[in-house]
Amino acid sequence: MNAGFERAFLLHRRAISDSQWLVDFVVENRGLMRMIARLSGKQAIKHKAQLQPFQALLIRYQGNGELKYLQHFELDTALEPLRGDKLYCGFYMNELAARIIPINEPLEQIFSLYSLHLQELAGAKDLGASLRCYELQLLESLGYGVNFDSDYQGDAIDAKGQYDYYPEQGWVRQAQPVQGYGFSGAHILAFARYDFSEPQIQRAAKHFCRYILKPLLGNKPLKSRELFKSR
């Protein structure tokens, strides 16, 4: 790696003028960083084509404030391209990260987590399972991890039990289980193993992840979810 460069992935870009973009990067040993990229001159078209999501980059920037200025970037190692539904999943990964990762917080593990899941997505056969792993591990890395091993009283999750989840408490066992409400203990224990191989477990995990992500996302829907609805 060239001196002064850091490894990064572009999560999101938005034009703010004819020659400037506002860009969000996940940067190795840094976390999420927002920058202004000036793209002008003879190389502008080439640079715009290269500054794309899912492309490993080497970047150099400056600035002491919250908003940095991208000075230079180069293409890093080529990754397997995402196509079809995998591309839509990649857009979802990027949008989710850009929405819930705080800017300029020293989250050193975020780059490695993102890079790993991006590479796994390219070869994934079960996209839903891949996304559930990403969501739960991203939440864990941000300090919002869920204890799937025990309930709010410290008792081990019973595979035969039925539970409700309360963010301020944790898992609460239903005294009188109601069919169709809450989560089965067997499913919760599967979440702990990142085992989403069965359709019922995967549906339950998707419902649970949406529930715990909602407070972080607020009322603004994720645009990338609309891509799946249009399929």
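Everything discussed here concerns the structure shown above.
On a predicted model such as this, the values are computed, not experimentally measured, just so you know.

Engineer: Hey, could you run me through the overall build of the protein in this one?
Structural biologist: Summing up its helical and strand segments, the protein has seven helices and eight strands in all. Along the three orthogonal principal directions, the C-alpha set of the protein runs to about 70 × 40 × 35 Å. Considering the protein as a whole, with its 231 residues, one finds that 44% of them fall into the buried category. Sequence separation of 24 or more characterises 57% of the internal contacts of the protein that already satisfy a separation of 6 or more. Entry remark: accessible area of the protein is about 13000 Å², with carbon and sulfur atoms responsible for 47%. Between the mean site of the 28 positive side-chain charges and the mean site of the 25 negative ones, the protein shows a separation of 10 Å.

Engineer: Is there a simple way to explain unusual backbone geometry in this structure?
Structural biologist: Comment: phi is negative for the bulk of residues other than glycine, and the bulk of peptide bonds are trans. With a phi angle near 65°, Asn 29 is a residue other than glycine that sits in the positive phi range. As for its position among the elements, Asn 29 is in the loop between β2 (20-27) and β3 (31-38). The backbone of Asn 104 shows a phi angle near 65°, a positive value even though the residue is not glycine. With respect to the secondary-structure elements, Asn 104 resides in the loop between α2 (85-100) and α3 (110-123). The class of Asn 104 is partly exposed, set by a relative accessible area of 30%.

Engineer: Would you mind going over the nonpolar core with me for this structure?
Structural biologist: Most often, soluble globular proteins have nonpolar side chains that are buried together. Ranked by size, the top nonpolar core spans 52 residues in total, and within it Tyr 114, Leu 138, Trp 171, Phe 191 and Phe 208 carry the most contacts. Secondary-structure elements contributing two or more residues to this core are β1 (6-15), α2, α3, α4 (127-141), β6 (162-166), α5 (185-192) and α6 (199-217). By size, the runner-up hydrophobic cluster in this structure holds 16 residues, among which are Ile 59, Tyr 61, Leu 70 and Phe 73.

Engineer: Please clarify how empty space enclosed by the protein should be interpreted in this entry.
Structural biologist: Over the atoms rolls a probe the size of a water molecule, and its path tells where empty space is left. The full count for this structure, using the stated rule, is one cavity of 30 Å³ or more. As a volume, the largest cavity reaches approximately 40 Å³. Lining the largest cavity are Leu 11, Val 26, Ala 97, Ile 101, Ile 110, Leu 113, Tyr 114, Tyr 134 and Leu 138. With three residues, the top contributor of residues to the lining of the largest cavity is α3.

Engineer: In this structure, what is going on with the sheet that holds β2? I would like to understand it.
Structural biologist: To summarise the sheet geometry, strands pair through backbone hydrogen bonds and adopt either a parallel or an antiparallel arrangement. Pairing in this closed barrel of five strands is mixed, and the strands run β1-β2-β3-β5-β4 around the ring. On average, adjacent strands in this sheet sit at an angle of 50° to one another, irrespective of strand direction. Note: β1 against β2, seven bridges, orientation antiparallel. Counted as the bridge partner of Ala 15 is Trp 21 from β2.

Parameters at a glance
- Residues numbered from 1 in each chain as written.
- Predicted model: local features only at pLDDT ≥ 70, side-chain atom pairs only at ≥ 80, totals over all residues.
- Heavy atoms only, no water.
- Helix = DSSP H or I, 4+ residues; strand = E, 2+ residues; numbered from the N terminus.
- Buried < 20%, exposed > 50% of the residue type's maximum accessible area, 1.4 Å probe, protein only.
- Contact = heavy atoms within 4.5 Å.
- Areas by Shrake-Rupley, 256 points an atom, 1.4 Å probe, with all protein chains shown as cover.
- Lys, Arg positive; Asp, Glu negative; His and termini not counted.
- Charge placed at Lys NZ, Arg CZ, Asp CG, Glu CD.
- Core = buried A, V, L, I, M, F, W, Y, C linked by side-chain atoms within 4.5 Å.
- 1 Å grid on protein atoms, 1.4 Å probe; cavity = no way out; pocket = protein on both sides within 12 Å on 5 of 7 lines; lining within 4 Å.
- Points joined across faces, edges and corners; volume = space filled by probe spheres on them.
- Pairing = 2+ DSSP bridges.
- Axes fitted to C-alpha atoms, helices over the stretch in contact; angles between N-to-C directions.

This is a description of form; function is not addressed.
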